[in-house]
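# Architecture and fold: a report
Listed here are the chains, written in short residue letters.
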Amino acid sequence: MLSERGGSRPDQIFRAAFETPLPEAVTTLSELSGALNRLRGTRSYTELSRGARAHPDFRFRVLPRSTISDLLMGRSVPNRETLITFLAACGVSERDQDAWLGVWERVKTVHLRRPVGSIRVRDASPRRLGVRASIQVAPGADDLPTYVPRDLDAAVQAALHSAAAGGGFLVLVGGTSTGKTRTLVEAVRTVLPDWWLLDPVDSSVLEGLSRGPASRTVVWLDELRRYLDPPASAAATVRRLIDAGLVVVGTLWPEEYAGPSACREVLSMAQVISVPAAFTSGERRRAGALTRDPRIQVALETDGGIGVTQVLAAGPELVRHWEFAEQPYGKAIITAALEARRMGAQSPLTTEFLRLAAPVYLTSGQRATAPANWLELGLGYAVMPVSGAASCLAPVAGGMGQIAGYVTADYLFQRAAGVLGAGPLPDAVWLALVDHHQPGDTSRIAEHADRNGKKQHAVSLYRRLARTGHSHARWRLAALLAEDGQLDELRERAVAGDRYAARRHAALLVDRGRVDDAIEVLRAEVDAGNRPAARQLFAVLAEFGRFDELKVLANAGDQSASWYLSAEYQPSRGTEVAAQWEPMAPPDTDELRRLADDGDRTAARQLAFLLPRLGRTAELSQRADEGDQEAARYLAFLLAEYGRIGELRRRADNGDSHAARRLAKALAGSGDLDELKRRADNGDRHAKRVFNSLR
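Residues numbered from 1 in each chain as written. Predicted model: local features only at pLDDT ≥ 70, side-chain atom pairs only at ≥ 80, totals over all residues. Heavy atoms only, no water.

## Re the overall build of the protein
Applied cut-off: Secondary structure elements follow DSSP: runs of H or I of four or more residues count as helices, runs of E of two or more count as strands, with numbering from the N terminus. Contacts are assigned to residue pairs that have any heavy atoms within 4.5 Å of one another. In short, Shrake-Rupley with a 1.4 Å probe defines the accessible areas, and a residue's cover is counted only from the protein chains shown.
Counting secondary structure elements, the protein contains 39 helices and 8 strands. For the protein, the proportion of contacts with a sequence separation of at least 24, taken over those separated by at least 6, is 65%. Here the protein has roughly 32600 Å² of accessible surface; of this, 51% comes from carbon and sulfur atoms.

The following block contains the structure:
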């Protein structure tokens, strides 16, 4: 039992201090009380209380004997103020108190649930988190050089402190091998060493965590782009993690942050800090003071304007290893992998793909004289570590002793873009890529094939995606089939329930003069609840003068058919048609107008619906201009329904949010992504949301 005088002779206490784990290793309450007893030494309770009264901050001047007893007996976890008071009474300086407070926080939270697959931040390996190995200039050196403090460290750590207070999202944006991952690792280890850290293998694990988040967890998303598909789901997942109080951190390349494929909705939730491509003068001075690490000195002396971090990661050597390869097979394999990644293949590339694609980048003579083991020779060269650090291609495990595929080095990929250019991919490489890629890359590769005019490959890939219910793929597949006049396949897909194919099928029938067949297809779709097909049906009926059928639909209360009977849609015949059409039991518009003007939203909605049916769209437009939100909403609907994009754009530019929302959807539906992106970049929230949903 402990005594007030400490309970042990000084020599016993001295010996115990070396036999018991240091405070950094403490994880339980009993270990904490033992460490505090050793720290106390021979001080009596009275001496500890007297020492506390000398504290300069009045909050830490009281240390009752009962509190000391509870602390040293380990009856409960002390509060933070009590621990600080005790440490000060024991002569621990304010600077040295941080280690003890870290121990206290660890003990206080040891009972909290641990996320599956997580480890403590302090135990996480930087290499496992994505920090690249360094060049080696002396045998036996560690994988990583000494960390050179960066100018942005303070801002990064401040952002982490803020996020830890109630949940947050931090993203470091910088080029490849600029040190962004290492900077983030060091900051998280400094600020949140005792939190759990989870490095999810893919977006499904991330989504699962968001459904059952564990507190005090850092979610590590190095190379953030891997987790952003599909964008809408990714945004919802990140939002749930933040709302649950978790700290989400990630890294991203500048072109991925600013490019058209960026997931704006996700990034809008993040605090973004840029990482410079090269060391500042202050950082170079700090690096120069680290004379104990020869690698840093070598990088300072040889960076040649490329960048210290890039030299440390062997970036320039990777480029030379590829461009000036010692044997052609390795260069061809690396080139094929780089080209595949340029076309959207972000997952590991299979050996079979490399075997089929690499010969394209060899000369006829090199192919003719290639040894039987050319693939093994080339792969050996491609995965060879350069300067003891990175390799052009890195193998990815598919199991013990098995290789699932190969990924290209980020630095090499960025630098190679300037060499390879943006030219077309050879057909043989396209064929190999279509037949041998990972399922997660299918959508990206299909879009690249589509944009590069490789219609055959795009159709093949879109068919695969369509079988999984991929909406964008079904839409583009129907468009491409219609362009090629593939009536039979469109009909088969329509019968199988593909609504995009049904509409394209009907349009193609109209183009071929089979109007009655097209109307029959569209009526079946309308009966099945395909609303866009209804609009298409009305347009076909109006175009071919079948107004009696339109009148039946309009009188039945359809909100769209009336437009095609109005002077707005049929300027040459509209007055005549509108005069012949009289809706059943028309309501009293004067009474509706009075009620609407008095603030009755139901009356305003009925009036907005009725005016175009009576051919009075000018009044509807006037009411919208005067601030009638129901009129503005319905007018935007009608303008979008009938393709009046210019008028919709004008209203959207004048601040009509209903028009902006309809315009964004119309631009997406017509494939005008350039204007959609411009509007999103200019702050149009509707365009931004629609654009993000397409990625």
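Anyway, onward from the coordinates.
## Some thoughts on the sheet that holds strand 1 (residues 119-120)
Short version of the rule: Paired strands, as defined in this entry, are two strands with at least two bridges between them according to DSSP. Angles shown run from 0 to 180 degrees and are taken between the N-to-C directions of axes, each axis being a line fitted to C-alpha atoms and, for helices, limited to the stretch in contact.
The sheet built from 6 strands is open, its strands ordered 1-3-4-5-2-6 with mixed pairing. Whereas interior strands pair on both sides, the edge strands pair on one side only; in this sheet they are strand 1 and strand 6 (271-274). By the bridge criterion, 4 bridges tie strand 2 (residues 168-173) to strand 6 in an arrangement that is parallel. Counterpart to Val-173 in the pairing with strand 6 is Ser-274. Its contacts with the sheet place helix 7 (residues 153-166) against strand 2, strand 5 (247-252) and strand 6, and it is angled at close to 160° to strand 2. Where helix 8 (residues 180-191) meets the sheet, it contacts strand 2, strand 4 (217-221) and strand 5, and its direction lies at approximately 160° from that of strand 5.

## Side note on the pattern of salt bridges
Counted only if it meets this: By definition, a salt bridge exists where a carboxyl oxygen of Asp or Glu is found within 4 Å of a side-chain nitrogen of Lys or Arg. Remark: exposure states derive from per-residue accessible area (1.4 Å probe, protein chains only) relative to the maximum for the residue type, with buried under 20%, exposed over 50%, and partly exposed in between.
Following the criterion strictly, the structure yields 39 salt bridges and no others. Put simply, Arg-75 and Asp-70 hold a salt bridge, and the shortest N to O gap is 2.8 Å. A salt bridge links Asp-625 to Arg-651; the shortest N-O distance between them is 2.9 Å. Separated by 26 residues along the polypeptide, Asp-625 in helix 34 (residues 617-625) and Arg-651 in helix 36 (residues 645-653) bring together distant segments of the chain. Given a relative accessible area of 6%, Arg-651 falls into the buried group.

## Quick notes on the side chain of Arg-182
Position of Arg-182 relative to the elements: it lies in helix 8. By relative accessible area, Arg-182 is classed as buried at 15%. Sequence-distant contacts of Arg-182, defined by excluding residues within four places in its chain, comprise Val-131, Leu-144, Pro-145, Thr-146 and Tyr-147.

## Overview of the packing of aromatic side chains
The following threshold applies: Each Phe, Tyr or Trp ring, with Trp reduced to its six-membered ring, pairs with another whose centre is within 6.5 Å; inter-plane angles below 30 degrees give stacked pairs, above 60 give edge-to-face pairs, and intermediate values give tilted ones.
Tallying each qualifying case throughout the model produces 3 aromatic pairs. Seen from their ring centres, Tyr-329 and Trp-374 are 6.5 Å apart, and the 50° between their planes marks the pair as tilted. Remark: Trp-374 occurs in helix 20 (residues 374-382) and Tyr-329 occurs in helix 17 (residues 328-342); sequence separation between them is 45 residues. With a relative accessible area of 10%, Tyr-329 lands in the buried category. Given the relative accessible area of 16%, Trp-374 is considered buried. Judged by centre distance (5.5 Å) and plane angle (20°), the rings of Tyr-634 and Phe-637 are stacked.

## Considerations on unusual backbone geometry
Excluding glycine, a negative phi dihedral is what most residues carry, and trans is how most peptide bonds are arranged. The backbone of Arg-216 shows a phi angle near 55°, a positive value even though the residue is not glycine. In this structure, Arg-216 sits in the loop between helix 9 (203-211) and strand 4. The exposure class of Arg-216 is buried, given its relative accessible area of 19%. One non-glycine residue, Glu-223, lies in positive phi territory at about 55°. In this structure, Glu-223 sits in the loop between strand 4 and helix 10 (231-243). Overall, Glu-223 belongs to the partly exposed group, its relative accessible area being 22%.

## Notes on the nonpolar core
Just so we agree on the cut-off: Here, nonpolar core refers to any group of buried Ala, Val, Leu, Ile, Met, Phe, Trp, Tyr and Cys residues whose side-chain atoms link them within 4.5 Å.
Ranked by size, the top nonpolar core spans 79 residues in total, and within it Ile-333, Ile-334, Phe-353 and Leu-433 carry the most contacts. Take this core: its biggest share by element is 8 residues, from helix 17. Listed in part, the 32 residues of the second largest apolar core include Ala-631, Ala-632, Phe-637 and Val-690.

## Examining the pairing of strand 4
Stated precisely, the cut-off is as follows: When the strands point away from the viewer and the connection leading from the first strand across the helix to the second strand turns clockwise, the crossover is called right-handed.
The element strand 4 is extensively covered by neighbouring structure, given that 5 of its 5 residues are classed as buried. Side chains Thr-217, Val-219 and Leu-221 of strand 4 all project onto a buried face; the interleaved residues Val-218 and Trp-220 project onto the opposite face, where all are buried too. Running through helix 9, the crossover from strand 3 (residues 196-198) to the neighbouring parallel element strand 4 is right-handed.

## Topic: the packing of helix 37 (residues 657-670) against helix 38 (residues 673-681)
Heads up, the condition is: Here the nonpolar group is Ala, Val, Leu, Ile, Met, Phe, Trp, Tyr, Cys and Pro; Asp, Glu, Lys and Arg are the charged ones; every other residue, Gly included, is treated as polar.
Running from N to C, helix 37 and helix 38 cross one another at 145°; their axes reach a closest spacing of 8 Å. Touching Leu-663, Ala-664, Leu-667 and Ala-668 of helix 37 are Glu-675, Leu-676 and Arg-679, all from helix 38. When its residues are assigned to classes, the contact of helix 37 with helix 38 shows 5 nonpolar, no polar and 2 charged.

## What about the confidence of the model for the protein?
The cut-off we apply is this: Per-residue confidence from the prediction method is given by pLDDT, with values spanning 0 to 100.
Per-chain confidence: the protein averages 81 in pLDDT, with 84% of residues scoring 70 or above. At the low end of the mean pLDDT range in the protein sits helix 1 (residues 10-19), at 38; at the high end sits helix 18 (residues 351-357), at 96. The low-confidence segment residues 1-21 (pLDDT under 50) makes 25 contacts with residues lying over four places distant or belonging to another chain. Counting contacts from residues 571-586, a segment whose pLDDT is below 50, to residues more than four positions away or on other chains yields 22 contacts.

## Looking at helix 32 (residues 589-597)
Because an α-helix packs 3.6 residues into every turn, residues spaced three or four apart end up facing the same way. To keep it simple, the criterion reads: This arc describes the spread of directions from the helix axis toward the C-beta atoms.
Every buried residue belonging to helix 32 is among Thr-589, Leu-592, Arg-593 and Ala-596, and all of these are buried. Each buried residue of helix 32 lies within a common arc of 100° when the element is viewed along its axis, so the set occupies one face. Positive phi shows up at Gly-599, right after helix 32, with a value of about 100°.

## So, the packing of helix 35 (residues 629-641) against helix 36
Counted only if it meets this: With the far helix as reference, a near helix turned anticlockwise by less than a right angle produces a left-handed crossing, and one turned clockwise produces a right-handed crossing.
Between helix 35 and helix 36, whose axes approach to 8 Å, the crossing angle comes to 145°. Crossing angle aside, the handedness with which helix 35 passes helix 36 is left-handed. Residues Leu-635, Ala-636, Leu-639 and Ala-640 of helix 35 form the contact with helix 36, whose participating residues are Glu-647, Leu-648 and Arg-651. Here the residues of the contact of helix 35 with helix 36 sort into 5 nonpolar, no polar and 2 charged.

## Overview of helix 26 (residues 487-495)
Of the residues making up helix 26, those classed as buried are Leu-487, Glu-489, Leu-490, Arg-493 and Ala-494. Looking straight down helix 26, one finds that the buried residues subtend no more than 165° of arc, so they occupy a single side. Looking at helix 26, the residues exposed on the side facing more than 90 degrees away from the buried face are Glu-492 and Val-495. Residue Gly-497 follows helix 26 closely and has a positive phi angle near 105°.

## Examining the side chain of His-448
With respect to the element layout, His-448 can be found in helix 23 (residues 442-451). When near neighbours in sequence (up to four residues on either side) are disregarded, His-448 contacts Arg-342, Met-343, Gly-344 and Trp-430.

## Focus on the environment of Thr-181
Here Thr-181 shows up in helix 8. Since its relative accessible area comes to 9%, Thr-181 is described here as buried. Sequence separation of Thr-181 and Arg-127 is 54 residues, and the distance between their C-alpha atoms is 9.8 Å. Those residues within four positions of Thr-181 in sequence are excluded, and the remaining contacts are Leu-129, Gly-130, Val-131, Trp-220, Asp-222 and Thr-251.

## Topic: the environment of Arg-50
Considering the arrangement of structural elements, one finds Arg-50 in helix 3 (residues 45-53). A relative accessible area of 49% places Arg-50 in the partly exposed class. Taking the C-alpha atoms as reference points, Arg-50 and Ala-89, separated by 39 residues in sequence, lie 7.7 Å from one another.

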